[in-house]
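The lines below spell out each chain.
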Amino acid sequence: MYSDKVMDHFSNPRNVGEIENADGVGQVGNAKCGDIMRMYIKVDNDIITDVKFKTFGCGAAVATSSMATELIKGKPISEALKLTNKAVIEALDGLPPVKVHCSVLAEEAIKAAIKDYYDKNGIAHDIEAPGCSCDSCCGSCEVH
Ligand code: FES
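Below: a short report on this structure. Small disclaimer: the values here were computed from a predicted structure and weren't measured. (Residues numbered from 1 in each chain as written. Predicted model: local features only at pLDDT ≥ 70, side-chain atom pairs only at ≥ 80, totals over all residues. Heavy atoms only, no water.)

### Section: the overall build of the chain
If you tally the helices and strands in the chain, you get 5 helices and 3 strands. Tracing the chain from N to C terminus, the helices and strands come up as α-β-β-β-α-α-α-α. Burial status across the chain gives 47% buried among its 144 residues. Excluding contacts between residues fewer than 6 apart, the proportion of contacts in the chain whose partners are at least 24 apart in sequence is 61%. Total accessible area on the chain is roughly 7200 Å²; 50% of this is exposed by carbon and sulfur atoms. (Helix = DSSP H or I, 4+ residues; strand = E, 2+ residues; numbered from the N terminus. Buried < 20%, exposed > 50% of the residue type's maximum accessible area, 1.4 Å probe, protein only. Contact = heavy atoms within 4.5 Å. Areas by Shrake-Rupley, 256 points an atom, 1.4 Å probe, with all protein chains shown as cover.)

### As for the pairing of strand 3 (residues 47-55)
Strand direction decides the pairing type here: strand 2 (residues 36-44) and strand 3, joined by 8 bridges, are antiparallel. Within strand 3, the position partnered with arginine 38 by the bridge is lysine 54. From the end of strand 2 to the start of strand 3, which pair antiparallel, there are 2 residues, and asparagine 45 there has a positive phi angle of about 55°. (Pairing = 2+ DSSP bridges.)

### As for the nonpolar core
Core analysis: the biggest nonpolar cluster contains 34 residues, and Met39, Ile41, Ile48, Ile110 and Ile114 have the highest contact counts within it. At the level of secondary structure, the elements contributing two or more residues to this core comprise strand 2, strand 3, helix 2 (59-72), helix 3 (77-82), helix 4 (85-91) and helix 5 (100-120). By residue number, the principal contributor to this core is helix 5, which donates 10 residues. Apart from the residues lying within four places of it in its own chain, the contact partners of isoleucine 110 are Met39, Ala68, Ile72, Ala80 and Leu83. (Core = buried A, V, L, I, M, F, W, Y, C linked by side-chain atoms within 4.5 Å.)

### Here we look at the packing of aromatic side chains
This model, assessed by the stated rule, comprises 1 aromatic pair. Look at tyrosine 117 and tyrosine 118: their rings are 5.7 Å apart centre to centre, the planes differ by 40°, and that puts the pair in the tilted class. The pair formed by tyrosine 117 and tyrosine 118 is uniform in burial state, with each residue classed as buried. (Phe/Tyr/Trp six-rings, centres within 6.5 Å; stacked < 30°, edge-to-face > 60°.)

What follows is the structure in structure tokens.
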């Protein structure tokens, strides 16, 4: 059911944890399952020098976030903004259709973290970050 790459990133996820004094933090909730993802980024000269994530999501959310962080680390913000969940799924050699919604968390959390970075630094942008969509927790975390 899961590709070797999904199993690898699930069993041995890259970039898990949090970054102290992160330049941007994004938290999103998955409207479909209620799971939560938080993404931390460090930015230097428009380059994402470090990225870490924490999630209450399932194994597919862990694997897609792990791959997504690998894909944006060391890249310019403009490239990270273009990362889609589809590209992450392709990099993982596919996901079962029922798990595709899990991959959206990583893409949205990255956008939310970049939006936070831009907002904190007074940089104009047009990112429509979805933010936390879980009604029961929204407003109660330290991010929003
Ligand atoms: Fe919620 Fe996968 S079931 S992130």
